[in-house]
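Close look at the chain arrangement
So you can see what is in the structure, the chains are spelled out below.
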Amino acid sequence: MDTIDSFDICSVDGCKGFEIGREYLTNIVDLMSRICSTQEQKMEKAAVAIADSMAHNGLLHVFGTGHSHMLAEEVFYRAGGFANVNAILETGLMFNDGAAKSTALERVQGYASIILNDYDVSPGDVIIIASNSGINPVPVEMAMEAKKRGLFTIAITSLQHSNSMDSRHPSNKKLYEVVDLYIDNCCGTGDASVAIKDLPYPVGPTSTVAGILILNSIMCQVAQRLVRKGIIPPIYVSSNINNGDRVDSELVKRFKGKIRHL
């Protein structure tokens, strides 16, 4: 895959004075280029694993804690997305019950297996676990528990961040060390990417943009692989186009017994 050439995103007159915002946009373009140039083979391996699983009626499960839970929502029940994708959405690890609480719960040992018990996972399924740092017990144990149950495990994580910190899991393992396949989101330590003079900490986080880019790229590839196998994957369409409600309601009926949050 060719890299994405850097360019002046805001060269038009309307962006004058937008220097810091432009810096963030440029950082995102550079990040996309690094992902394209360094992670393509791993993303292809992920697509192969998911397509092979789906070809045998397997599900793709997606899990993340904190802001990483948005990656699970990104590929769940949306136009252009697969109906056989299950988002693992644990309220305590999101922000519904309190942001500080979610941070604390991500460090609780044994929590991951309790969460996974609430979902219909089967041997041969695939799970993607998103964690920028990859050092906390819940994402590490989610991968360990999923492997015990016969799932193929994939991580989306920042190698730079992960390798700059100690694991908080008793095994001293980090997420990328316990999965079958990891994809580096190429984000920096601490996620934020823009330094501003006289501001003690950087702004402009990148991991959500990177993770969503990686996920959607993989799923596009999965769709192509399935079609080449002669399999038409179940894809949601926009409910705001003709026949959208009909198509989507049929898919919901088909998968409601398998996917908890439909």
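See the structure printed just above.
Predicted model only: the values in this text are computed from it and were never measured.

Tracing the backbone through its elements, the reader meets Ser131 in the loop between strand 3 (126-130) and helix 6 (137-148). The exposure class of Ser131 is buried, given its relative accessible area of 4%. Once you skip the residues sitting within four places of it in the chain, Ser131 turns out to touch Ser68, Glu106, Pro139, Ile156, Thr157, Ser158 and Leu175.

Below, the discussion takes up the pairing of strand 1 (residues 60-64). A regular strand places its side chains on the two faces of the sheet in alternate fashion. Within strand 1, five of the five residues are buried, which leaves it mostly tucked inside the rest of the structure. With burial as the criterion, each face of strand 1 is covered, one bearing Leu60, Val62 and Gly64 and the other bearing His61 and Phe63. Of the strand pairs in this sheet, strand 1 and strand 2 (residues 85-88) are connected by four bridges, and their pairing is parallel. Within the sheet, the bridge partner assigned to Leu60 lies in strand 2 and is Val85. Crossover connection from strand 1 via helix 3 (residues 69-74) to parallel strand 2: handedness right-handed. Across five bridges, strand 1 lies against strand 3 in parallel orientation. Residue pairing for strand 3: Gly64 is matched across the bridge by Ala130.

One finds Ile50, Met54, Leu60, Ile218, Met219 and Val222 to be the most contacted residues of the largest nonpolar core, which totals 64 residues. With seven residues, the single largest contributor to this core is helix 9 (residues 207-228). Setting aside residues no more than four positions away along its own chain, Ile50 makes contact with Leu60, Val126, Ile128, Ile218, Met219 and Val222.

All right, on to the packing of helix 1 (residues 19-38) against helix 9 then. It is the contact of helix 1 with helix 9, at a shortest axis distance of 10 Å, that shows an interaxial angle of 40 degrees. For the pair helix 1 and helix 9, the crossing hand works out as right-handed. For the pair helix 1 and helix 9, the contacting residues are Tyr24, Ile28, Leu31, Met32 and Ile35 in the first and Val209, Ala210, Leu213 and Ile214 in the second. The residue makeup of the contact of helix 1 with helix 9, split by class, is nine nonpolar, no polar and no charged.

Further remarks concern the sheet that holds strand 2. The sheet built from five strands is open, its strands ordered 2-1-3-4-5 with parallel pairing. Here the strands that pair on one side only, and so sit at the sheet edges, are strand 2 and strand 5 (181-184). Across this sheet, the average inter-strand angle for adjacent strands is 20 degrees, counted without regard to direction. One ladder, built from four bridges, connects strand 4 (residues 152-157) with strand 5; its direction is parallel. Residue pairing across strands places Ile154 opposite Leu181, the latter belonging to strand 5. Taken strand by strand, helix 2 (residues 40-55) contacts strand 1, strand 2, strand 3, strand 4 and strand 5, and its axis lies near 135 degrees from that of strand 5. Contacts from helix 6 reach strand 1, strand 3 and strand 4, with the element oriented near 170 degrees to strand 3.

On the surface, Ile20, Ile196, Leu199 and Val203 cluster together into a nonpolar patch covering about 270 Å² of accessible area. The topology assignment puts Ile20 in helix 1. The class for Ile20 is partly exposed, based on a relative accessible area of 38%.

Conventions and cut-offs
Numbers given to residues run from 1 along each chain, matching the order in which its sequence is written. Reporting of local features is limited, given that this is a predicted model, to residues whose pLDDT is at least 70; pairs of side-chain atoms are given and counted only at 80 or more, and all residues count toward the totals for whole chains, interfaces and linings. Only heavy atoms go into the side-chain values, all of them from the structure, while hydrogens and water stay out. A helix here means a DSSP run of H or I that spans at least four residues, while a strand means a run of E at least two residues long, and both kinds are numbered starting from the N terminus. Here the term buried applies to any residue with accessible area under 20% of the maximum for its type, exposed to any over 50%, and partly exposed to those in between, with areas from a 1.4 Å probe on protein chains only. Two residues form a contact once any of their heavy atoms are found within 4.5 Å. Being paired, for any two strands, means DSSP has found at least two bridges between them. Think of it like this: strands point away, you trace from the first strand over the helix to the second, and a clockwise trace means the crossover is right-handed. For the purposes of this section, nonpolar cores are sets of buried Ala, Val, Leu, Ile, Met, Phe, Trp, Tyr and Cys residues that join through side-chain atoms within 4.5 Å. Geometry is summarised by axes, namely lines fitted to C-alpha atoms with helices restricted to the contacting stretch, and by angles between N-to-C directions that run from 0 to 180 degrees. Should the near helix be turned counterclockwise from the far one by less than a right angle, the crossing is left-handed, whereas a clockwise turn marks it as right-handed. For this classification, Asp, Glu, Lys and Arg are treated as charged, while Ala, Val, Leu, Ile, Met, Phe, Trp, Tyr, Cys and Pro are nonpolar and the rest, including Gly, are polar. Patch construction takes residues with relative accessible area above 30% that form no salt bridge. Like charges are linked within 9 Å, and nonpolar side chains (Val, Leu, Ile, Met, Phe, Trp, Tyr) are linked within 5 Å. Note on areas: these come from Shrake-Rupley sampling with a 1.4 Å probe, and a residue is covered only by the protein chains present in the view. The rule for a salt bridge is simple: a side-chain nitrogen of Lys or Arg has to be within 4 Å of a carboxyl oxygen of Asp or Glu.

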